[in-house]
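The chain contents come next:
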Amino acid sequence: MSLLFLAHRVPFPPDRGDKIRSFHVLQYLAKRTPVHLVAFADDEADFDPPAVFTDMLASCTILPRRKSQKRAAIEALATGKPVSLTAFASAAMQDAVDRVLPGISTVYCFSGQMAQYLPVGGPPVVMDFVDVDSAKFAGFADDARGPMRWIMRREARLLGMFEREVASRVSASLFVSEAEAGLFREGGATGRIIAVENGIDSAKFDPAARDARRSSPLP
């Protein structure tokens, strides 16, 4: 069995919230099955990840994302899609996914922006939304004024429709908390909706173990 891990940004280094979650999920899966990573780069350093990261992977494909927010907004208005999706829409990414898919038995999709690359009728998918992004934009709309209120309401409505459609056809939709999972259900989402909370590295943050490392004469 092989797994495709789709991510909106390279899950390394794990130095911010979403990357900490995606890295540890990826690390867990890679210990149990061959994992093929396909992800967007956040900066130039992402194109040359260290061996400590790539050695756990069966393959690693990292692509640039250079589309400006202005271009994404224009495309969204022209196509009737959410800006959040057009910002991450890429023919090169779709080609990369299509090349890997024939040998894949399961897909782990991290972040709703990447769900646009999931084939209908393809292998089983675990969709990690993390948060309900459409609800965030609804909140932004409440605080916005003028044209920005219309833009945020549009984004919340279209993105919510997309999220619910994706949830209806994947094997499971994951969220970072039961509050987020409940919010998604309340918005009309169907399917298997599960809260998978972030954990703590108990070994790393164990005070006794930390004190033992400090007192050890070994480097």
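From a predicted model like this one, the values you see are computed outputs, not experimental measurements. (Residues numbered from 1 in each chain as written. Predicted model: local features only at pLDDT ≥ 70, side-chain atom pairs only at ≥ 80, totals over all residues. Heavy atoms only, no water.)

A description of the sheet that holds strand β1 (residues 3-7) should follow, citing residues and the corresponding values.
With respect to topology, seven strands assemble into an open sheet ordered β3-β2-β1-β4-β5-β6-β7, the strand pairing being parallel. Each end of this open sheet is capped by a strand with a single partner; those strands are β3 (59-63) and β7 (193-195). When the angles between neighbouring strand axes are averaged without regard to direction, this sheet yields 15 degrees. Direction of pairing for β1 relative to strand β2 (residues 35-40): parallel, over a ladder of five bridges. Across the sheet, Leu6 pairs through a bridge with Val38, a residue of β2. Against the sheet, helix α5 (residues 91-100) contacts β1, β2 and β3, and its axis sits at roughly 175 degrees relative to β2. Helix α8 (residues 178-186) contacts β5 (125-130), β6 (172-175) and β7 of the sheet and is inclined by roughly 160 degrees relative to β7. (Pairing = 2+ DSSP bridges. Helix = DSSP H or I, 4+ residues; strand = E, 2+ residues; numbered from the N terminus. Axes fitted to C-alpha atoms, helices over the stretch in contact; angles between N-to-C directions. Contact = heavy atoms within 4.5 Å.)

So what's going on with the packing of aromatic side chains? Which residues, and what values?
If you walk through the whole model with that rule in mind, you get eight aromatic pairs. Centroid distance Phe12 to Phe23: 5.9 Å. Interplanar angle 55 degrees. Geometry classified as tilted. Remark: Phe23 occurs in helix α1 (residues 17-30) and Phe12 occurs in the loop between β1 and α1; sequence separation between them is 11 residues. Look at Phe12 and you get buried, because its relative accessible area is 18%. (Phe/Tyr/Trp six-rings, centres within 6.5 Å; stacked < 30°, edge-to-face > 60°. Buried < 20%, exposed > 50% of the residue type's maximum accessible area, 1.4 Å probe, protein only.)

If you had to explain a nonpolar patch on the surface to someone new, which residues and values would you point to?
Taken together, the side chains of Leu77, Met148, Trp150 and Ile151 make up a nonpolar region of the molecular surface, amounting to roughly 420 Å² of accessible area. Residue contributions to the nonpolar patch peak at three residues, all from helix α7 (residues 147-169). In this fold, Met148 is placed in helix α7. By relative accessible area, which is 40% here, Met148 ends up partly exposed. (Patch = residues over 30% accessible without salt bridge, like charges linked within 9 Å, V, L, I, M, F, W, Y side chains within 5 Å. Areas by Shrake-Rupley, 256 points an atom, 1.4 Å probe, with all protein chains shown as cover. Salt bridge = Lys/Arg side-chain N within 4 Å of Asp/Glu carboxyl O.)

If you had to explain the pattern of salt bridges to someone new, which residues and values would you point to?
Overall, the coordinates contain 11 salt bridges when judged by the stated rule. Notably, a salt bridge pairs Arg16 with Asp18, separated by 2.8 Å at the nearest N-O pair. Arg16 gets classed as partly exposed once you look at its relative accessible area, which sits at 39%. On the basis of relative accessibility, which here comes to 17%, the residue Asp18 falls in the buried class. By sharing partners, the salt bridges in this structure join Arg9, Arg16, Asp18 and Asp42 into a single network.

Can you lay out the pairing of β2 for me, pointing to particular residues and giving the numbers?
A regular strand carries its side chains on alternate faces of the sheet. Extensive coverage of β2 is indicated by the burial of six of its six residues. With burial as the criterion, each face of β2 is covered, one bearing Val35, Leu37 and Ala39 and the other bearing His36, Val38 and Phe40. Taking the sense of rotation as the criterion, the β-α-β connection linking β1, α1 and β2 turns out right-handed. Two elements, β2 and β3, share five bridges in a ladder whose sense is parallel. Across the sheet, residue Val38 finds its bridge partner in β3, namely Thr61. (Right-handed = clockwise from strand over helix to strand, strands pointing away.)

I'd like a description of the nonpolar core, backed by residues and values.
By size, the foremost hydrophobic cluster in this structure holds 41 residues, and its most contacted members are Leu4, Leu6 and Met93. Discounting chain neighbours no more than four positions away, the residues touching Met93 are Leu6, Val38, Ala39, Phe40, Leu63, Met114 and Tyr117. (Core = buried A, V, L, I, M, F, W, Y, C linked by side-chain atoms within 4.5 Å.)

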